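So you can see what is in the structure, the chains are spelled out below.
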Amino acid sequence: MRFIDEFRNPELAEALVDRIKKRSTRDVRLMEFCGSHTVAIFKFGIRQLMPPTVEMLSGPGCPVCVTDTADIDKAIAMAQLPGVILCTFGVMLKVPGTLTSLQQAKAEGSDVRIVYSTVDALEIARKNKEKNVIFLGVGFETTIPTIAASVLQAEGECIENYYVFSLAKLCPPVMKALLEAGEVILDGIICPGHVSAIIGSKPYGFIPRDYGISCVVSGFEPLDILQAIDMLISQIEEGKPRVEIAYRRGVSPEGNTKALELMKQVFKVCQTRWRGVGEVPQSGLRLRGKYQRFNAEIKFPVETTKSREPKGCLCGHVLRGVKKPTDCTLFSQECTLEHPVGPCMVSYEGACSTYYLYGSDEGG
Ligand code: SF4
């Protein structure tokens, strides 16, 4: 199966749905960890196709949404420094900090530039040698190798004015934190496809082993997701939780060893703060000692006011899977796609924007 149409074949989808309905005899709760899966599940109406026994929840897998307000405040303060060009992905501009946003800072004169990758940020650094260029490094394992590569490139080219503010985050440790907290009871997890293309499926081994929860890595097309759900239901019905891959064309158990080596060469694992979850051990990455001269937090130690979440916003609860976007009284009232209050409405992968765009009728 090589073309998108083949992953959207209605007859195959129907057959998978039938199989899920036949196999599913007990009530189960499945979480799709990744925001891209949430979007695909809603876009293709997959929740409505599920039998009443299958409940589906959205997880915290949106790197924009889980970036803590204190870190947004810090990025804004860096952007406001004279002589700084702050480069980041477009979606980050609208994420609200405590008092303002990068978009507002830009409107007030800060040099904030939208880039599509670190390649663009490096080029801006080459062309603006008299300025300090900071790349705001938000992302999961999918993005981190490109940030690591940019640091090595800057070192190789002796680019003196390039810095990284690393807000990179690792997915398996936050999964562990959520399961340890025990706030949300799960039977199965649809594991992220893009992240797993880098880390492989092995790092999820602790989930069935320590928590008895089934895991299947899925791609992002409807048939990928239906197949993953079918495999999860089979595992659960058999009472044999394990890690499986329903996305063999993109993911292997070992992952992308070159990308992993690159990450390890440049970054070391550290504790970091996730919106809604708090401090999570071993879930962040900071530059190794050898690359400290690229560390924006060291070069630009900014002071910020005490950070706080937008008033009334339940993003933290939504990200932990303990509330749905529709539980928030601001949803579709004060908080809309045009005027987002919290990051889960700002980001295209956020649960709130997905509910808003595709509706919240969940079936099942
Ligand atoms: Fe936050 Fe808006 Fe979602 Fe409410 S609807 S949780 S304010 S993003």
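Residues numbered from 1 in each chain as written. Predicted model: local features only at pLDDT ≥ 70, side-chain atom pairs only at ≥ 80, totals over all residues. Heavy atoms only, no water.

Visitor: I tried to follow the side chain of Arg275 on my own but got confused; where do I start?
Guide: Note on placement: Arg275 falls in the loop between strand S10 (267–274) and strand S11 (278–287). In this structure Arg275 comes out as buried when scored by relative accessible area, which is 1%. Polar side-chain contacts of Arg275 include one of 2.9 Å to the backbone oxygen of Cys65. When near neighbours in sequence (up to four residues on either side) are disregarded, Arg275 contacts Cys65, Val66, Thr67, Asp68, Thr69, Ile72, Val95, Glu309, Pro310, Cys315, Leu319 and Pro343. (Helix = DSSP H or I, 4+ residues; strand = E, 2+ residues; numbered from the N terminus. Buried < 20%, exposed > 50% of the residue type's maximum accessible area, 1.4 Å probe, protein only. Polar contact = N/O pair within 3.5 Å; in protein donor to acceptor, adjacent residues only side chain to side chain. Contact = heavy atoms within 4.5 Å.)

Visitor: Please clarify how helix H12 (residues 257–266) should be interpreted in this entry.
Guide: The α-helix winds at 3.6 residues per turn, so residues separated by three or four positions along the chain end up facing the same way. Of all the positions in H12, only Ala259, Met263 and Val266 are classed as buried. Around the axis of H12, the buried residues are gathered within 80 degrees of arc, so they sit on the same side. Exposed positions of H12 whose direction lies more than 90 degrees from the buried face are Lys258, Glu261 and Lys264. Along its buried surface, H12 packs onto helix H7 (144–156), helix H9 (193–199), S10 and S11. (Arc of directions from axis to C-beta.)

Visitor: Please explain the packing of aromatic side chains as it appears in this structure.
Guide: Here the distance between the centres and the angle between the planes together describe a pair of aromatic rings. Tallying each qualifying case throughout the model produces eight aromatic pairs. With a centroid separation of 6.3 Å and an interplanar angle of 80 degrees, the aromatic rings of Phe206 and Tyr211 are classed as edge-to-face. Accessibility expressed as a relative area gives 22% for Tyr211, which makes it partly exposed. With centroids separated by 6.2 Å and ring planes inclined at 80 degrees, the aromatic side chains of Phe331 and Tyr356 adopt a geometry described as edge-to-face. (Phe/Tyr/Trp six-rings, centres within 6.5 Å; stacked < 30°, edge-to-face > 60°.)

Visitor: Is there a simple way to explain the packing of helix H1 (residues 10–23) against helix H11 (residues 222–238) in this structure?
Guide: In contact at an axis separation of 10 Å, H1 and H11 are set at 20 degrees when each is read in the N-to-C sense. For the element pair H1 / H11, the angle class is roughly parallel. Of the two elements, H1 crosses H11, and the hand of that crossing is left-handed. Counted together, Leu12, Ala13, Leu16, Val17, Arg19, Ile20 and Arg23 of H1 and Leu223, Leu226, Gln227, Ile229, Asp230, Ile233, Ser234 and Glu237 of H11 form the full contact between these two elements. (Axes fitted to C-alpha atoms, helices over the stretch in contact; angles between N-to-C directions. Parallel < 35°, antiparallel > 145°, perpendicular 65-115°, else oblique. Left-handed = near helix turned anticlockwise from the far one by under 90°.)

Visitor: So what exactly am I meant to see when it comes to the sheet that holds strand S3 (residues 84–88) here?
Guide: What the four strands build is an open sheet, ordered S4-S3-S5-S6; its pairing is parallel. In this open sheet, the two strands that pair with only one neighbour each are strand S4 (111–114) and strand S6 (162–168). For this sheet the average axis-to-axis angle between neighbouring strands, irrespective of direction, equals 25 degrees. One ladder, built from seven bridges, connects strand S5 (residues 132–139) with S6; its direction is parallel. Bridge pairing in S6 places Ile134 opposite Tyr163. With respect to the sheet, helix H6 (residues 118–127) is in contact with S3, S4, S5 and S6, its orientation differing from that of S5 by roughly 170 degrees. (Pairing = 2+ DSSP bridges.)

Visitor: Explain the site of the ligand to me, please; I cannot follow it from the model alone.
Guide: In the region of the ligand, the neighbouring residues are Cys313, Leu314, Cys315, Cys328, Leu330, Phe331, Cys335, Val341, Gly342, Met345 and Cys352. The class makeup of the residues in the shell around the ligand is ten nonpolar, one polar and no charged. (Near = heavy atom within 4 Å. Nonpolar A, V, L, I, M, F, W, Y, C, P; charged D, E, K, R; others polar.)

Visitor: Can you walk me through the pairing of S6 in this structure?
Guide: Working note: regular strand, side chains alternate between the two faces of the sheet. Summarising burial for S6: seven of the seven residues are buried, a large majority. Along S6, one buried face is formed by Tyr162, Val164, Ser166 and Ala168 and the opposite face, lined by Tyr163, Phe165 and Leu167, is buried too.

Visitor: Sorry if this is basic, but what is going on with the pairing of S11 here?
Guide: Across seven bridges, the pairing between S10 and S11 is antiparallel. Note that in S11 the partner of Phe267 across the bridge is Leu287. As consecutive antiparallel partners, S10 and S11 are separated by three residues, and within that stretch Gly276 has a phi angle of approximately 85 degrees, a positive value.

Visitor: It is not clear to me how unusual backbone geometry should be interpreted in this structure. Could you clarify?
Guide: One can expect most non-glycine residues to show negative phi and most peptide bonds to be in trans. Within the chain, Cys158 stands out as a residue other than glycine whose phi angle is a positive 55 degrees. Positionally, Cys158 belongs in the loop between H7 and S6. A relative accessible area of 53% places Cys158 in the exposed class. The phi dihedral of Ser332 is positive, around 60 degrees, even though this residue is not glycine. Within the secondary structure layout, Ser332 lies in the loop between helix H14 (315–320) and helix H15 (343–346). Accessibility expressed as a relative area gives 35% for Ser332, which makes it partly exposed.

Structural measurements only, silent on function.
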